[in-house]
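Observations on chain architecture
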Amino acid sequence: MKVMAEIGYLDNRETAIIESAQANGLALIPTSMRDPSKTTTHGVGEMLMHAIKQGCRRVIIGLGGSATNDLGTGMLNAMGVEFRDKNGVAMVPCGGNLNEVSSIANIEAIAKMCENTEIILASDVNNPLYGPNGAAHVYAKQKGASPEMIETLDENARAFSLIVAQALGRDLSSTPGAGAAGGLGYALLSFFNCQFNSGASLVLDTLEFDHHVADAHLTITGEGRSDAQTLMGKIPSLIMERAKAKGVKTALLSGKVDNSDTLVDAGFHATESITPHDMPLEIALQTEVAMRNLEEATVRVVSQIASSLQA
């Protein structure tokens, strides 16, 4: 399946911004067709090559929202790296057959292609590649994997990491972030020698958030669902912390808000669920309904803040 993806450019096209989910995102695949044993990051490799060929000296890659669990092998394959089975026959890698990879060839293609380009990873995921907290066990279910498939994907990741360690002379499978985007983080760490950056911090720094928020009276942020995990480095939490440092209040508007008291205790001035608790998700996702719900929730939360200021 072919998809259209966009690349953002900054600094007179010196910097490219790639959102990997535009090529391998879960939202691109209907629920009934999701299968992380077959999906691929091949398109991410095509996007990265395009940015490099444009002469970009710096490429920021956002990791998250993936439908894949191929450990970035599709991306590597698209960029010229070859994967071979025990008979030396080239194979097209995917999450379901990584245990069949016996050797990796043409690794130097990556170094040559990226010799003048810095790759920066933007992610707030700290999962290792495999194990109970790895890519498959934590994220593959939402990508369509059955319990049996999750075990297979995890076992394949273990087996594949041994081949990579043998080929590169280092094993980064336990590095925090290796499990990001179905193991895409692992491939980028291992083959590109790059480092992770907090996705939230990188976005806010790039937008010069601290400068712009200084003159604000209120910031409004949100996400699909907010709960105690929001406080674990997610961008709404970072926005709140940075705004608070400037003396600016922050309201949290999310599709659904749980643990509101915990969020308020942490520093959010007010929280509000956009979607009424009794509204089915398929109705809430309709554009006109979502816009109306958002407008009504905004009025409620602003009224709540105004009342608290008058008290």
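So, here is what we can say about the structure in this document. (Residues numbered from 1 in each chain as written. Predicted model: local features only at pLDDT ≥ 70, side-chain atom pairs only at ≥ 80, totals over all residues. Heavy atoms only, no water.)

1. As for the pattern of salt bridges
Per the counting criterion, the structure on display carries 6 salt bridges. In this structure, Arg158 engages Asp154 in a salt bridge whose closest nitrogen and oxygen atoms are separated by 3.4 Å. Placement of both Arg158 and Asp154 in helix α6 (residues 147-168) is noted, with a separation of 4 residues, approximately one turn of the helix. By relative accessible area, Arg158 is classed as partly exposed at 39%. As a salt-bridge pair, Arg242 and Asp205 come within 2.8 Å of each other at their nearest N and O atoms. Here Asp205 lies in helix α8 (residues 199-206) and Arg242 lies in helix α10 (residues 235-245), a separation of 37 residues in the sequence. The exposure class of Arg242 is buried, given its relative accessible area of 16%. (Salt bridge = Lys/Arg side-chain N within 4 Å of Asp/Glu carboxyl O. Helix = DSSP H or I, 4+ residues; strand = E, 2+ residues; numbered from the N terminus. Buried < 20%, exposed > 50% of the residue type's maximum accessible area, 1.4 Å probe, protein only.)

2. Let's talk about α10
Pro236, Ser237, Leu238, Ile239, Met240, Arg242 and Ala243 are the residues of α10 that are buried. Looking at the buried side of α10, the elements it contacts are α8, α9 (209-213), β9 (218-221), β11 (249-254) and α11 (260-266). At the exit of α10 stands Gly247, carrying a positive phi of roughly 80°. (Contact = heavy atoms within 4.5 Å.)

3. Some thoughts on the environment of Pro176
Note on placement: Pro176 falls in the loop between α6 and α7 (184-192). Judged by its relative accessible area of 51%, Pro176 is exposed. For the pair Pro176 and Gly134, spaced 42 residues apart in sequence, the C-alpha separation works out to 9.8 Å. The residues touching Pro176, leaving out its near neighbours within four places in the chain, are Asn126, Asn127 and Phe196.

4. A few points about a nonpolar patch on the surface
A cluster of nonpolar side chains, contributed by Met1, Val3 and Leu28, occupies part of the molecular surface with about 300 Å² of accessible area. With a relative accessible area of 34%, Val3 lands in the partly exposed category. (Patch = residues over 30% accessible without salt bridge, like charges linked within 9 Å, V, L, I, M, F, W, Y side chains within 5 Å. Areas by Shrake-Rupley, 256 points an atom, 1.4 Å probe, with all protein chains shown as cover.)

5. What to know about unusual backbone geometry
Positioned with a positive phi, Asn193 is a non-glycine residue whose angle comes to about 55°. Relative to the helices and strands, Asn193 is located in the loop between α7 and β8 (195-197). Judged by its relative accessible area of 61%, Asn193 falls in the exposed class. Backbone geometry places Glu208, a non-glycine residue, at a positive phi of 55°. Within the secondary structure layout, Glu208 lies in the loop between α8 and α9. For Glu208, a relative accessible area of 49% translates into the label partly exposed.

6. Concerning the sheet that holds strand β1 (residues 8-10)
The 5 strands are arranged β1-β2-β3-β7-β8 in an open sheet whose pairing can be described as mixed. On the outer flanks of this sheet lie β1 and β8, each paired with one strand and no other. The average angle at which neighbouring strand axes cross in this sheet is 30°, direction not considered. Pairing of strand β7 (residues 118-122) with β8, which is carried by 3 bridges, proceeds in the parallel orientation. Bridged to Ala122 within β8 is Asn197. Its contacts with the sheet put α7 on β3 (58-62), β7 and β8, and the angle it makes with β7 is roughly 155°. (Pairing = 2+ DSSP bridges. Axes fitted to C-alpha atoms, helices over the stretch in contact; angles between N-to-C directions.)

7. So, the pairing of β7
Here β7 lies mainly inside the structure; 4 of its 5 residues are buried. In this structure, β3 lies alongside β7, joined through 5 bridges in parallel fashion. Residue pairing in the sheet places Ile61 in a bridge with Leu121 of β7.

8. Some points on the packing of α6 against α7
The contact between α6 and α7 brings their axes to 11 Å, and the two run at 15°. The angle between α6 and α7 places the two elements in the roughly parallel class. In this structure, α6 meets α7 at a crossing whose hand is right-handed. Where α6 approaches α7, its residues Phe160, Ser161, Val164 and Leu168 are matched on the opposing element by Tyr186, Ser190 and Phe191. (Parallel < 35°, antiparallel > 145°, perpendicular 65-115°, else oblique. Left-handed = near helix turned anticlockwise from the far one by under 90°.)

9. Comments concerning the sheet that holds β11
With parallel pairing, the 3 strands of this open sheet are ordered in space as β9-β11-β13. Two strands bound the open sheet, and with one partner strand each, they are β9 and β13 (270-273). Put simply, the sheet's adjacent strands are angled 20° from each other on average, direction ignored.

10. Some thoughts on the environment of Leu202
Topologically, Leu202 is positioned in helix α8. For the pair formed by Leu202 and Ala122, sequence separation is 80 residues and the distance between their alpha carbons is 6.9 Å. With near-sequence residues (within four places) excluded, Leu202 lies in contact with Ile60, Ile120 and Ala122.

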